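Structural characterization, general
Residue strings, one per chain:
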Amino acid sequence: AQRVTQPEKLLSVFKGAPVELKCNYSYSGSPELFWYVQYSRQRLQLLLRHISRESIKGFTADLNKGETSFHLKKPFAQEEDSAMYYCALSPNSGNTPLVFGKGTRLSVIA
Amino acid sequence: GAVVSQHPSWVICKSGTSVKIECRSLDFQATTMFWYRQFPKQSLMLMATSNEGSKATYEQGVEKDKFLINHASLTLSTLTVTSAHPEDSSFYICSARTVSFGYTFGSGTRLTVV
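Read on for a plain summary of the structure. (Residues numbered from 1 in each chain as written. Chains lettered and ligands numbered in written order. Predicted model: local features only at pLDDT ≥ 70, side-chain atom pairs only at ≥ 80, totals over all residues. Heavy atoms only, no water.)

The next thing to look at is the overall build of chain B. Scanning chain B from terminus to terminus reveals zero helices and eleven strands. Reading the helices (α) and strands (β) of chain B from amino to carboxyl end gives β-β-β-β-β-β-β-β-β-β-β. In terms of overall dimensions, chain B is globule-like: its C-alpha atoms have a radius of gyration of 13 Å, near the 13 Å expected for 114 residues. Taken along its principal axes, the extent of the C-alpha atoms in chain B is 40 × 25 × 20 Å. (Helix = DSSP H or I, 4+ residues; strand = E, 2+ residues; numbered from the N terminus. Rg over C-alpha atoms; globule rule 2.2 N^0.38 Å.)

The following block contains the structure:
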């Protein structure tokens, strides 16, 4: 079965400090991994997908198949980064639903 | 591109009544729509997958007679919460997958049953 684990419910960091939001997954095949962000009272927005290997708003994430991880990183946190972050997995490239982790709330303190 | 419009954004209803939530794909055709439920401070839980022109597939533990899903066209999927009760109060979100833009989400509907 597919599973996404985000071990931290809440992560508080000071502005300018590095951020790492952890995500581990369980899947026997080759999944597609995503990070979504949900700002207060807004809809889910795609932040990153591993196949695109791009950096959005300074965030990066590398898929580590050996450790089955897809941690989200940013070298210098900004106050506007405060939001709920969800790691998600798609089992394959077909029309299948995303499997979400429980989310990590990032709070950036000025 | 790939916008899903979800309405209403919030609704309050009396216990025992039914509520319909609509999700429309504005600039693409959604053959499949995923419906999620999100409780406060929790993650999104998949409720069902609706396919245009056929019956929805429900996740284990989701009552299909209570959460009626209709996907009659390539641009509209609806979720009707029938005989709503306070425990049905939640945030409901629809989602579709597109070739170019990956998964896209509606803005969600906050349902409060009083």
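That was the structure; now back to the text.
A few words on the interface of chain B and chain A. A common way to express how large an interface is: the accessible area buried when the components associate. At the junction of the two partners, chain B supplies 20 residues and chain A supplies 19 residues. When chain B packs against chain A, the two sides together hide about 1,600 Å² of surface, and 50% of this comes from carbon and sulfur. On the chain B side of the interface with chain A, the three residues burying the most area are Arg97(B), Tyr103(B) and Phe105(B), jointly 39% of the side's total. One can count one salt bridge joining chain B with chain A. Here Arg97(B) ties to Glu32(A) by a salt bridge, and the two come within 2.8 Å at their closest N and O atoms. (Contact = heavy atoms within 4.5 Å. Buried area = accessible area lost by both parts, 1.4 Å probe. Salt bridge = Lys/Arg side-chain N within 4 Å of Asp/Glu carboxyl O.)

Okay, a nonpolar patch on the surface next. Where nonpolar side chains cluster on the molecular surface, the patch consists of Trp10(B), Ile12(B) and Val114(B) and spans about 370 Å² of accessible area. Look at Trp10(B) and you get exposed, because its relative accessible area is 59%. (Patch = residues over 30% accessible without salt bridge, like charges linked within 9 Å, V, L, I, M, F, W, Y side chains within 5 Å. Areas by Shrake-Rupley, 256 points an atom, 1.4 Å probe, with all protein chains shown as cover. Buried < 20%, exposed > 50% of the residue type's maximum accessible area, 1.4 Å probe, protein only.)

Our next topic: the state of the cysteines. All chains considered together, the criterion is met by two disulfides over all chains. The side chain of Cys23(A) participates in a disulfide bridge whose partner is Cys87(A); the two sulfur atoms lie 2.0 Å from each other. Because the sign of the S-S torsion sets the handedness, a value of about -65° for the bond joining Cys23(A) and Cys87(A) places this disulfide among the left-handed ones. With a gap of 64 residues between them, Cys23(A) in the loop between strand E3 (19-21) and strand E4 (24-26) and Cys87(A) in strand E9 (residues 83-90) connect regions that are remote in the sequence. Judged on exposure class, the residue Cys23(A) and its partner Cys87(A) are both buried. The residue that forms a disulfide with Cys23(B) is Cys94(B), at a sulfur-sulfur distance of 1.8 Å. Disulfide Cys23(B)-Cys94(B): torsion about the S-S bond near -90°, hence left-handed. Placement of Cys23(B) in strand E3 (residues 19-25) and of Cys94(B) in strand E9 (residues 90-98) is noted, with a sequence separation of 71 residues between them. Cys94(B) shares its class with Cys23(B); the two are buried. Lacking any disulfide linkage, Cys13(B) is separated from the closest cysteine sulfur, that of Cys23(B), by 17 Å. Cys13(B) gets classed as buried once you look at its relative accessible area, which sits at 8%. (Disulfide = S-S within 2.5 Å.)

Nothing here speaks to function; it is all geometry.
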